[in-house]
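Take a look at the letters that make up each chain.
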Amino acid sequence: MKAVSGEDGLDGLRAEISACRICRDAPLRGIADRLPHEPRPVAVLSARARVLIAGQAPGLRVHESGLPFDDASGDRLRQWLDVDRPTFYDRDRFAIVPMGFCFPGYDAKGSDLPPRRECAPAWRERAISAMPQIELVLAVGSYAQAWHMGASRRENMTETVRNWRDGLAKEGRPAVLPLPHPSWRNTGWIRRNGWFEEELLPELRRRIKMLAF
Ligand code: SF4
């Protein structure tokens, strides 16, 4: 796991996650479905950040660098948030905990596989509970939306994001703001849904200014 020095009470959990080999040694669907490479969990736990970025799973480039969103998707996400790289990678500002911590490999068509199904049951509840100061969850993509939004999720990703105000109006905390995955694959989606840039992004940036600066 991406490690940043400094004791903050989370180092024990970080070390446990870093050492995780579940998908390699004990995959849920049998050894034929094992992770096709050595695990390299990539997540940033934070004791101080008030914003949690709940993404999908690392791609190959992130697997190699060990830095979350160290790719074109990350560039687009930073543009959405209106933050530069040093700000984005300051763990006092942003926690980054994807639905699967390790690069899952490719399917037969060469696309990234979905997040490993072992990961959220093994780690997510503990990781989220260890960060009670989080006030805003950015649920990036349908896997994170399913976990963080539960029954308030709509019939598909578009409708879930279109109704983004629902997650912000919820009583208690954290608030949840659904976002599409910032992948180039969603460029057409962004063009077709003009309200995303016109209405959602200004509110996202306003909240980031409030919570991360
Ligand atoms: S994806 Fe999650 S559960 Fe699987 S090996 Fe990596 S850290 Fe462990």
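Along each chain, numbering runs from 1 in the same order as the chain's sequence is written. A pLDDT threshold of at least 70 governs which residues receive local features in this predicted model, and a stricter bar of 80 or more applies before side-chain atom pairs are shown or counted, although totals over entire chains, interfaces and linings include all residues. Hydrogens are left out, water is left out, and the side-chain values use all remaining heavy atoms of the structure.

Section: unusual backbone geometry
The condition that has to hold: Where helices and strands are cited, they refer to DSSP runs of H or I of at least four residues and of E of at least two residues respectively, numbered from the N terminus. When accessible area is computed with a 1.4 Å probe and restricted to protein chains, residues below 20% of their type maximum are described as buried, those above 50% as exposed, and intermediate ones as partly exposed.
Phi angles above zero are rare outside glycine, and Phe69 is one such case at about 55°. Here Phe69 lies in the loop between α3 (60-65) and α4 (72-81). The phi dihedral of Asp82 is positive, around 65°, even though this residue is not glycine. Relative to the assigned elements, Asp82 resides in the loop between α4 and α5 (85-88). Using a relative accessible area of 45% as the deciding quantity, one classes Asp82 as partly exposed.

A few points about the site of the ligand
Short version of the rule: By convention in this text, a residue qualifies as near a molecule or strand provided that one of its non-hydrogen atoms is within 4 Å of it. Grid points spaced at 1 Å over the protein atoms alone were grouped into cavities, where a 1.4 Å probe fits but cannot get out, and pockets, open sets with protein on both sides within 12 Å along at least five of seven lines, with lining residues defined by an atom within 4 Å of a point. Any molecule with more than half of its atoms within 2 Å of a cavity's or pocket's grid points is regarded as sitting in that cavity or pocket. For this scheme, ten residues count as nonpolar: Ala, Val, Leu, Ile, Met, Phe, Trp, Tyr, Cys and Pro. Four count as charged, namely Asp, Glu, Lys and Arg, and the remainder, Gly too, count as polar.
Close to the ligand lie Cys20, Ile22, Cys23, Pro41, Phe101, Cys102, Cys119 and Trp123, which account for all nearby residues. One can see that the ligand is located within the largest cavity. Secondary structure elements with two or more residues in the shell around the ligand: α2 (22-25) and α6 (119-129). Per-class residue counts for the shell around the ligand are eight nonpolar, no polar and no charged.

Topic: empty space enclosed by the protein
Put simply, the rule reads: Grid points are joined across faces, edges and corners, and a volume is the space filled by probe spheres set on the points.
Within the structure shown, the criterion is met by three cavities of 30 Å³ or more. Lining the largest cavity are 14 residues, with Cys20, Cys23, Cys102, Cys119 and Trp123 sitting closest to its centre. Contributions of two or more residues to the lining of the largest cavity are made by α2 and α6. It is α6 that provides the largest number of residues to the lining of the largest cavity, a total of three residues.

Quick word on the layout of surface pockets
A water-sized probe, rolled over the atoms, reveals where empty space remains. Considering only enclosed or pocket space, the largest pocket measures out at about 720 Å³ in volume. What lines the largest pocket is a set of 31 residues, and nearest its centre among them are Gln56, Asp112, His181, Ser183 and Arg185. Taken together, the elements giving at least two residues each to the lining of the largest pocket come down to α3, α4 and α7 (142-149). The element best represented in the lining of the largest pocket is α3, accounting for three residues. Here the residues of the lining of the largest pocket are counted per class, giving 17 nonpolar, ten polar and four charged. Here the second largest pocket defines a volume of roughly 360 Å³. Lining the second largest pocket are 17 residues, and of these Arg29, Pro114, Pro115, Arg116 and Arg117 lie nearest its centre. Contributions of two or more residues to the lining of the second largest pocket are made by α6 and α7. Tallied by class, residues from the lining of the second largest pocket come to eleven nonpolar, no polar and six charged.

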